[in-house]
Amino acid sequence: MRRIDMDKAKEILRLHNNVGLSQRDIAKSVGCSLGTVSSVLLKAREAGIEYPNQLTSKELGTLLYPSVEKKQGVAKPEPDLEYIHHEMGLKGVTLQLLWEEYKIEHPDGLMYTQFCERYRNFRKQNDVYMRRHYKAGERVMIDWAGLTMHYYQDSEEKTAYIFVADLPATSYLYVEPFRDMAMSSWIEGHVKAFEYFGGVTRILVPDNTKTAVTKPDKKDPLLNKTYHEMAAFYGTAIVPARPIKPRDKAPVETGVKIAEQRIIAKLRNQTFLSFEELHTAVLKELEIVNSTPFKKLPSNRLSTFLEIEKPALLPLPDSRFEYAEWKIHKVAFDYHVEYDGHFYSVSYVYAGKEVEVRGTIRTIEIFFEHERIATHPRSYDKRNRYVTNPEHMPENHRAVVDWSPERFVSWASKIGPETEAYIRFVMSKRDHPEQAYKTCAGILRIGEQLPSEKMELICKDALKRNAYTYKYFSMIYKQFSEELKSEKKPIDHSNVRGSEYYRGKNNA
């Protein structure tokens, strides 16, 4: 079996041990074959690995793949496919269960992947295509409605986008308007839906929207990392609908149609003077939709959900998911990484390396090859945009670790207000205040050698000329020094001949 990425191996163990998904659903969620899932679980059992654990990716890889195993070709007893097909029609019976029973009878029999392949071929040969039945609490299907709504903000018409989550087992809906279709809105829609349902399904089935799937692919779609992180937080798995497969997303398409016909269309003639007013109206209509009796059944969506589906949902965690955004950046030569206009340090040994940055409203975390290498409180200070951990600096940089913008401003203020204003100006012209520290230190050391009033004049002139480099300041300082020398009063002494003497006067 081909060695897989250890992130996928960890996800397989999590979905099997914590979520309890079938191997088929795990394969869809992780984006690998059933054989790979079966192999990883088997190797993990043999190595005594459980989830959660504190193993690094390298340690896990060593335990799962200690050596290359040689395959031995042995004839395997074939399963009774007609019996399997009959049993699959019974409620609660799965291929996993039938394969385990087959393996008890034939310990040397087919592995799970081959077993399933035999059954799929049997179905195709007999033209057997059964209508899908959804189990309670198993999955929720999510999409954006095709139609939009409108509201007014400061007399300007704005567009609202409608998020729809449908529980296919009971047709229970959650519908909410958002100001945009950004990732933050997509995640918030899921969180609000889980809270509305009072629990979480074991599988999330999004369409191949960019907020869910970064790179659509029939066999191995690349999921958005923030979306995957949210699913892990709630203990669920993401299985995107396959492209150009209408049967995969039929229930949510029906849910979207209901939202468009019975909520969006119903409110089409109303004018909403704020987003909050629109939001309230949509949620009010949602309650009506869920409580309206079915046409052919005595119950409604709400009563059916409470009776059948809610008890089967996974419980909500104690806390709410905190939205995090992931970005990929290269560490700069000064061993800082940019995130949202601020710069956060990592160890200088990572300079030039490509890292992943995870940002929340409170914390910035930086990862290299899936291992966290730095954590910082998130900064919102517009004047000081660099956050540096002294331990990340090389030894020759730590000598100036106590330098700060406040220190240079305080130093300059002792000379005078013009000097202080100029030092602030010099630091403001750099992306990173630390880039101006040496310049400021050099300028202020010159100031210590001059009378305060003369330093004030130089700084005022430098600020007027928009000079913020040490070289330019030095030129202005030298110019002032020469002018001051020329303005010195001549020596008045009887032995000194003045200019009048050289013009021919008093020579008689």
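Enquirer: Would you explain the pairing of strand S3 (residues 172-178) in this entry?
Expert: Side-chain direction in a regular strand flips from residue to residue, so the side chains alternate between the two faces of the sheet. Summarising burial for S3: seven of the seven residues are buried, a large majority. With seven bridges joining them, strand S2 (residues 156-167) and S3 adopt antiparallel strand pairing. Bridge assignment links Leu 167 to a residue of S3, and that residue is Tyr 172.

Enquirer: Explain the pairing of strand S4 (residues 203-206) to me, please; I cannot follow it from the model alone.
Expert: Of the two faces of S4, both are covered, the one formed by Ile 203 and Val 205 as well as the one formed by Leu 204 and Pro 206. Note: strand S1 (residues 139-153) against S4, four bridges, orientation parallel. Its bridge partner being in S4, Arg 139 is matched across the sheet by Ile 203. As paired elements, S4 and strand S7 (residues 237-238) share two bridges and run parallel to each other. Across the sheet, residue Ile 203 finds its bridge partner in S7, namely Ala 237.

Enquirer: So what exactly am I meant to see when it comes to the nonpolar core here?
Expert: In a soluble, globular protein the nonpolar side chains are often hidden away together inside. In terms of nonpolar packing, the biggest core is built from 48 residues, with Met 149, Phe 163, Phe 197 and Leu 204 touching the most fellow members. Examining the composition of this core, we find that seven residues originate from one element, helix H8 (residues 183-197), more than from any other. Look past the residues within four positions of Leu 204 in its chain and what remains in contact with it is Val 140, Ile 142, His 190, Phe 194, Tyr 227, Met 230, Ala 231, Thr 236, Ala 237, Ile 238 and Val 239. Grouped together as the second largest cluster of nonpolar side chains are 38 residues, Met 6, Ala 44, Val 205 and Val 239 included.

Enquirer: Which parts of the structure should I look at to understand the sheet that holds strand S14 (residues 386-387)?
Expert: The mixed open sheet is built from three strands, whose spatial order is S9-S10-S14. Taken across any chain shown, the strands that pair with only one partner, and hence form the sheet edges, are strand S9 (336-339) and S14. Summarising the sheet, S9 and strand S10 (residues 342-345) pair through four bridges and their orientation is antiparallel. Bridge pairing in S10 places Tyr 339 opposite His 342.

Enquirer: Can you walk me through the confidence of the model for the protein in this structure?
Expert: Regions with low pLDDT should not have their predicted coordinates read in detail. In this model, the protein carries a mean pLDDT of 80, and residues with pLDDT of at least 70 account for 81%. Ranking the helices and strands of the protein by mean pLDDT puts S3 first, with 94, and strand S5 (residues 213-215) last, with 53. For the stretch residues 67-73, pLDDT sits under 50, and the model shows two contacts to residues farther than four places along the chain or on other chains. For the stretch residues 216-220, pLDDT sits under 50, and the model shows six contacts to residues farther than four places along the chain or on other chains.

Enquirer: Got a minute to help me understand the sheet that holds strand S12 (residues 363-368) in this structure?
Expert: Hydrogen bonds between backbone atoms are what pair the strands of a sheet, whose relative direction is either parallel or antiparallel. The four strands lie next to each other as S8-S11-S12-S13, forming an open sheet whose pairing is antiparallel. Looking at strand neighbours, the two that pair on one side only are strand S8 (325-330) and strand S13 (371-377), the edges of this open sheet. The mean inter-strand angle of the sheet, taken between neighbouring strand axes irrespective of direction, is 25 degrees. Bridge count between S12 and S13: six bridges; the pairing is antiparallel. The partner of Phe 368 across the bridge, within S13, is Glu 371. On top of the sheet, helix H9 (residues 225-234) reaches S8 and strand S11 (354-359); it is set at about 135 degrees to S8, its chief contact.

Enquirer: Could you clarify how one ought to interpret the side chain of Thr 304 in this entry?
Expert: Mapped onto the elements of the fold, Thr 304 is located in helix H12 (residues 301-309). Here Thr 304 falls in the buried class, since its relative accessible area comes to 12%. In terms of polar contacts, Thr 304 uses its side chain to reach the backbone carbonyl oxygen of Asn 300, at 2.7 Å.

Enquirer: Could you clarify how one ought to interpret the pattern of salt bridges in this entry?
Expert: Close approach of charged atoms lets side chains of opposite charge pair. Taken as a whole and judged by the stated rule, the model has 18 salt bridges. The closest approach of N and O atoms between Glu 322 and Arg 362, which form a salt bridge, is 2.9 Å. In this pair, Glu 322 sits in the loop between H12 and S8 while Arg 362 sits in the loop between S11 and S12, placing the two residues 40 residues apart along the sequence. Exposure remark for Glu 322: the relative accessible area of 26% places this residue in the partly exposed category. Overlapping salt bridges, with partners in common, bring together Glu 229, Arg 358, Glu 365 and Arg 372 in one network.

Enquirer: Any chance you could explain H12 here in plain terms?
Expert: Think of an α-helix as turning once every 3.6 residues; residues three or four places apart then point the same way. All of the buried residues along H12 are Arg 301, Thr 304, Phe 305 and Glu 309. Along H12, the residues classed as buried sweep out an arc of 100 degrees about the axis, all on the same side.

Enquirer: Just to check I follow, could you spell out the packing of aromatic side chains for this structure?
Expert: When we look at a pair of aromatic rings, we describe it by the centre distance and by the angle of the planes. Following the criterion strictly, the structure yields 25 aromatic pairs and no others. Look at Phe 163 and Phe 178: their rings are 6.3 Å apart centre to centre, the planes differ by 80 degrees, and that puts the pair in the edge-to-face class. In this pair, Phe 163 is assigned in strand S2 and Phe 178 in strand S3, connecting sequence segments 15 residues apart. Take Phe 178: its relative accessible area is 5%, and that puts it in the buried class. Taken together through their ring pairs, the aromatic side chains of Trp 144, Phe 163, Phe 178, Trp 186 and Tyr 227 make up a single cluster.

Reading guide: rules and limits
Residues numbered from 1 in each chain as written. Predicted model: local features only at pLDDT ≥ 70, side-chain atom pairs only at ≥ 80, totals over all residues. Heavy atoms only, no water. Buried < 20%, exposed > 50% of the residue type's maximum accessible area, 1.4 Å probe, protein only. Helix = DSSP H or I, 4+ residues; strand = E, 2+ residues; numbered from the N terminus. Pairing = 2+ DSSP bridges. Core = buried A, V, L, I, M, F, W, Y, C linked by side-chain atoms within 4.5 Å. Contact = heavy atoms within 4.5 Å. pLDDT = per-residue confidence, 0-100. Axes fitted to C-alpha atoms, helices over the stretch in contact; angles between N-to-C directions. Polar contact = N/O pair within 3.5 Å; in protein donor to acceptor, adjacent residues only side chain to side chain. Salt bridge = Lys/Arg side-chain N within 4 Å of Asp/Glu carboxyl O. Arc of directions from axis to C-beta. Phe/Tyr/Trp six-rings, centres within 6.5 Å; stacked < 30°, edge-to-face > 60°.

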